[in-house]
2 protein chains.
Amino acid sequence: MRADAQRNYDRIVEVARQVFRERGYDASLDDIAKLAGVGPGTLYRHFPKRENLLDAVMQSWVDKVTETTDKALTHEGSDRDLLLNWFQEYVGLISQHKGGPAKITSAMGDPDSPIMTKCQVLASANGRVIERLREDGALRDGVETIQVCRLVGGIATVADQSDLDASAVRPMLEVVADGLLR
Amino acid sequence: MRADAQRNYDRIVEVARQVFRERGYDASLDDIAKLAGVGPGTLYRHFPKRENLLDAVMQSWVDKVTETTDKALTHEGSDRDLLLNWFQEYVGLISQHKGGPAKITSAMGDPDSPIMTKCQVLASANGRVIERLREDGALRDGVETIQVCRLVGGIATVADQSDLDASAVRPMLEVVADGLLR
DNA sequence: AACAATACGGAGACTGTCTCCGTTTAGCAA
DNA sequence: TTGCTAAACGGAGACAGTCTCCGTATTGTT
């Protein structure tokens, strides 16, 4: 990639990260181009679809996911506490910007989504936690990790769309945790 | 209301019902106006916001909700079966058109939503089922009916957005049911 | 310095939302 | 029936967002 192209690419991603966080995933792309000081053509050449841009923005997010998972797995306390703590981290991770929970959760099962690979990092992070609990014999039979992603993703989605705060989300996560644990 | 206005109103609602079901909640309103044989101005006078139109379309849905609830409450079998059966009906009711689950679930807590009243019919229908189970002593402590709506609404939302079928939804509903029941 | 190759960016096509306002019509009263 | 007025109509067009095309400008290589 030519030096000027790289420069523009980086600026667009940086601006997009900020704008997505502030205005949500539906922010105008022409606006982002303008804020980055490039024409819309440039933005659309680098990122033909909105999701390609989101994908680039998410690169750093991926690192955060594994880091957070490692920390969650060292959690001291009961299995229930471990699971609940992980659920809260999970919700936090996918709720970084408005519209995120729905986007990420539905991308997990969509092979055509440009952010699919990113989301699968999250799915396998969740898998690590679930497998750890399964080895402890803490889970009911028949629990699939993808279902767990969808359940918690669903809660995060409604919380996102209804502007619920953590205190309203917590009891819902407890219900799901209790439904999963023996 | 003048006779011609009533006529147009009815035609718009009828067309909208069909189009929303076929193309989802995001269908173009100008298209709906055209299909109904009226100008966009007419549509927007009757229904200033998209949700006002949805509200009108939902009138008949409200009847269906209470009817379905009555039937669910007569269900023979265990409490778990009753609850699971109700959950499936609930998902069916809010998944009539694409985008419905998210719309309805988030409208429940939004006093400014024109469809709020309609959604509260659903919320109180759910309340009837939950109270019935509470009287039986079947529920854990601290279960709030609005949480149940959000939990099941969340599952329906991800199912809607990921095109999941009933066999994928069922186990998630079971997790929630198990988390709610003693 | 010249010249490909690469990248830029803005004009504008296209789509959907929504409003304004001149025209038409329903319904009533004489 | 006719005439009148309030109500309703509907389409032109303003506005916003998405995305493309293509003439222009920049890069980096020979």
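A. Inspection of the protein's contact with DNA strand C at higher detail. What surrounds DNA strand C is a group of 22 residues, the closest being R2, N8 and R45 of chain A together with D30 and R50 of chain B. When atoms of DNA strand C within 4 Å of the protein are sorted by moiety, sugar and phosphate together comprise 62%. In this structure, H46 of chain A approaches DNA strand C through a side-chain N or O atom, which is 3.5 Å from a phosphate oxygen. Of all elements in the fold, only helix 1 (3-23) and helix 3 (40-46) of chain A together with helix 1 (3-23), helix 2 (29-35) and helix 3 (40-46) of chain B reach the threshold of two or more residues within the surface near DNA strand C. Residue composition of the surface near DNA strand C, grouped by class: 8 nonpolar, 7 polar and 7 charged.

B. Inspection of the protein's contact with DNA strand D at higher detail. DNA strand D sits among 23 residues. The nearest are D30 and R50 of chain A together with R2, N8 and R45 of chain B. Sugar plus phosphate, as a fraction of atoms of DNA strand D within 4 Å of the protein: 60%. Between a base nitrogen of DNA strand D and a side-chain N or O atom of D30 of chain A, the distance comes to 3.1 Å. Residue assignment for the surface near DNA strand D shows that the elements contributing at least two residues are helix 1, helix 2 (29-35) and helix 3 of chain A together with helix 1 and helix 3 of chain B. In terms of residue count, the dominant contributor to the surface near DNA strand D is helix 3 of chain B (5 residues).

C. Looking closely at the interface of chain B and chain A. Contact with chain B, which involves 22 residues of that partner, is made by 22 residues of chain A. Together chain B and chain A conceal approximately 1,900 Å² of surface at their shared face, both sides included; 69% is due to carbon and sulfur atoms. The largest per-residue losses of area from chain B upon contact with chain A belong to R150, L151 and V175 of chain B, which jointly make up 27% of the total buried on that side. At the boundary of chain B and chain A, one finds 2 salt bridges. Across the salt bridge formed by R140 of chain B and D178 of chain A, the nearest N and O atoms sit 3.4 Å from each other. Along the contact surface separating chain B from chain A lie 2 residue pairs in polar contact (both at pLDDT 80 or more). Among the elements of the structure, helix 7 (100-107), helix 9 (145-162) and helix 10 (166-180) of chain B are those that each provide at least two residues to the side of chain B that touches chain A.

D. Looking closely at the side chain of T68 of chain A. Residues and elements named next belong to chain A. Its place among the elements puts T68 in helix 5 (residues 59-73). Separated by 2.7 Å, the side chain of T68 and the backbone oxygen of K64 make a polar contact. Those residues in contact with T68 that sit more than four places away from it in its chain are E89 and L93.

E. Quick peek at the domain arrangement of chain A. Residue and element names in this part refer to chain A. Assigned domains of chain A: these are domain 1 (3-56) and domain 2 (58-180). Using C-alpha coordinates to define each centre, domain 1 is positioned 28 Å away from domain 2. Contacts between the two partners involve 10 residues from domain 1 and, on the opposite side, 11 residues from domain 2. Each partner contributes to the roughly 1,000 Å² buried at the junction of domain 1 and domain 2, and carbon and sulfur atoms together form 53% of this total. Of all residues in domain 1, the largest losses of buried area upon contact with domain 2 belong to E51, L54 and D55, amounting jointly to 51% of the total for that side. In this assembly, domain 1 and domain 2 are joined by 2 salt bridges. Of the charged contacts in the structure, one is a salt bridge between D55 and K118, with a shortest N-O distance of 2.9 Å. On inspection of domain 1 and its partner domain 2, the count reaches 8 residue pairs in polar contact (both at pLDDT 80 or more). Here the element with the most residues in the side of domain 1 that touches domain 2 is helix 4 (residues 50-57); it accounts for 5 residues. Among the residues forming the side of domain 1 that touches domain 2, the class breakdown is 4 nonpolar, 2 polar and 4 charged.

What counts, and at which threshold
Residues numbered from 1 in each chain as written. Chains lettered and ligands numbered in written order. Predicted model: local features only at pLDDT ≥ 70, side-chain atom pairs only at ≥ 80, totals over all residues. Heavy atoms only, no water. Near = heavy atom within 4 Å. Polar contact = N/O pair within 3.5 Å; in protein donor to acceptor, adjacent residues only side chain to side chain. Helix = DSSP H or I, 4+ residues; strand = E, 2+ residues; numbered from the N terminus. Nonpolar A, V, L, I, M, F, W, Y, C, P; charged D, E, K, R; others polar. Contact = heavy atoms within 4.5 Å. Buried area = accessible area lost by both parts, 1.4 Å probe. Salt bridge = Lys/Arg side-chain N within 4 Å of Asp/Glu carboxyl O. Domains from an automatic or database assignment.

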